[in-house]
Amino acid sequence: MRMSLVPRRADFFGVFAELGRNAHATALLVEERFRGFPDASVDHDKVKDLEHEGDRLTAELYQLMNTQYITPFDREDIHDLARAIDDVVDHLEHASDLLGLYRVEATMDQALEQCRLLVGATEHLSAALGNLRHLSGLQRHLAAIKTREDDGDRIARDAVAALFEDDDISPRLIIQWKDIFGALEDSLDACDTAGHLIGNIIVKNA
Amino acid sequence: MIVRAGDRTASAMLAAVAETTGTRPTVVNNSGEAELALRSHGRDLVVGDPDVTALSILGNDAQDGGPAFVGWLAARSSARTALMLDGGAAEVLDAAMGEAELAARLRRVVQNLAVPVPAAATFGGLTVNARLHEASWEGMPLPVTPRESELLQVLVAAGGATLSREVIYRQVWRWAMPRGDRTVHVNVKRLRDKLAAAGIPVEIVTQPGVGYRLRVDELSESRDQPVVTGL
């Protein structure tokens, strides 16, 4: 493959910004799906479309890395960051998919709370990714992501505990919601991972 | 089948044994829930510890049309077993029995029960029969799903009293409601929409922090009493 010696830094930042926007859009859509499920709800196919868009953007980023001799950051950091953002969307899509796959009858308050935190975390992630070029003014976004991830840990733990508070809760429901809470928590963890990676990039390139 | 033992462990164990007979029992935690279950689901079989299961919910004996009763003893006692059998109990189970014996004895009682007859509940002009998945207002059928008919029948059986989401969940879904679950909320909303679309003077009222109750505009709260009918 022919490598370009002329760096196209703008492309990298542009794709990262789009990845951030896509992650936030996915979180908003999944929150809407959970809130309205099962009656007035977003179809999972729409969430799947955003997940595919995320995959396409990630592939575009890898293509850029493979064709650019000079990258704005270490290749490893670009790769890891792209993967973390992809994980955010993948786990959101998985949680959305489980609603239909498990024939969930209705959502749970704790899942709605997790979705709300994901909307907030991805909003800040998107803002940070949109300003990656300047590497300044990003700390408050990273702190906000961390706060939401901490809150998410607490909510996920409490949500799972609620499933085991009574011996006579349906085992089917326990299986359903343990998986769904887990997928939402994984997405929030991936937001935190992406935040850490951005923080590392800032330090390395200061 | 309604199960109420003296402690949750025993209730859960009896419920698990009851399921081997092909029945998903309703586990209740107090006499009020037991009476509600009887009014909602009709009378067939109650498995319970007579020390904690009020005699009023057992009826007097099967000949009076009360539910068949299987006694539960946390500790084996010949004297108490004899008393219950003389009192009309179809069987007496105790904690000394192994699971296989409990299941076999309960299976025999269930098999000897008469086929449960449909039990309808009425509240004003509203009639609900969850076993037949039917609901009607003054003879006009209402388009409810089986689940919705069960929920409506529980509300009707409560006779205008407010039921918590946890009690409704237990009565309709036959499991304990996990904290944060919105299943009752979703199904109440669906029912509300259908009742409103039917244009009938029946409303499911929310009492914030407490639960839901049924209101029929033509009835005052002081005079309406649910009537559970059956053959």
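Residues numbered from 1 in each chain as written. Chains lettered and ligands numbered in written order. Predicted model: local features only at pLDDT ≥ 70, side-chain atom pairs only at ≥ 80, totals over all residues. Heavy atoms only, no water.

## Overview of the domain arrangement of chain B
All names here are of chain B. Looking at chain B, the domain boundaries give domain 1 (2–112) and domain 2 (121–224). Taken over both partners, the interface formed by domain 1 and domain 2 buries close to 1200 Å², and the fraction arising from carbon and sulfur atoms is 44%. Linking domain 1 with domain 2 are zero salt bridges, by the criterion used here. When residues in the side of domain 1 that touches domain 2 are grouped by element, the largest group, six residues, is from helix α2 (residues 31–41). The residue inventory of the side of domain 1 that touches domain 2, partitioned by class, reads five nonpolar, five polar and five charged. (Domains from an automatic or database assignment. Buried area = accessible area lost by both parts, 1.4 Å probe. Salt bridge = Lys/Arg side-chain N within 4 Å of Asp/Glu carboxyl O. Helix = DSSP H or I, 4+ residues; strand = E, 2+ residues; numbered from the N terminus. Nonpolar A, V, L, I, M, F, W, Y, C, P; charged D, E, K, R; others polar.)

## Considering the pattern of salt bridges
In a structure, side chains of opposite charge can pair up when their charged atoms sit close to one another. Residue and element names in this part refer to chain A. A full pass over the atoms with the stated rule returns 26 salt bridges over all chains. The partner of R35 in a salt bridge is E31, with the nearest N and O atoms 3.1 Å apart. Of this pair, R35 and E31 both sit in helix α1 (residues 9–36), four residues apart, roughly one helical turn. Among the salt bridges present, the one from E51 reaches K48, with a minimum N-O distance of 3.6 Å. Of the two residues, E51 and K48 are both situated in helix α2 (residues 44–67); the distance of three residues between them amounts to about one turn of the helix. Overall, E51 belongs to the buried group, its relative accessible area being 8%. By relative accessible area, which is 29% here, K48 ends up partly exposed. One continuous salt-bridge network, built from bridges that share partners, spans K146, E149, D150 and D192. (Buried < 20%, exposed > 50% of the residue type's maximum accessible area, 1.4 Å probe, protein only.)

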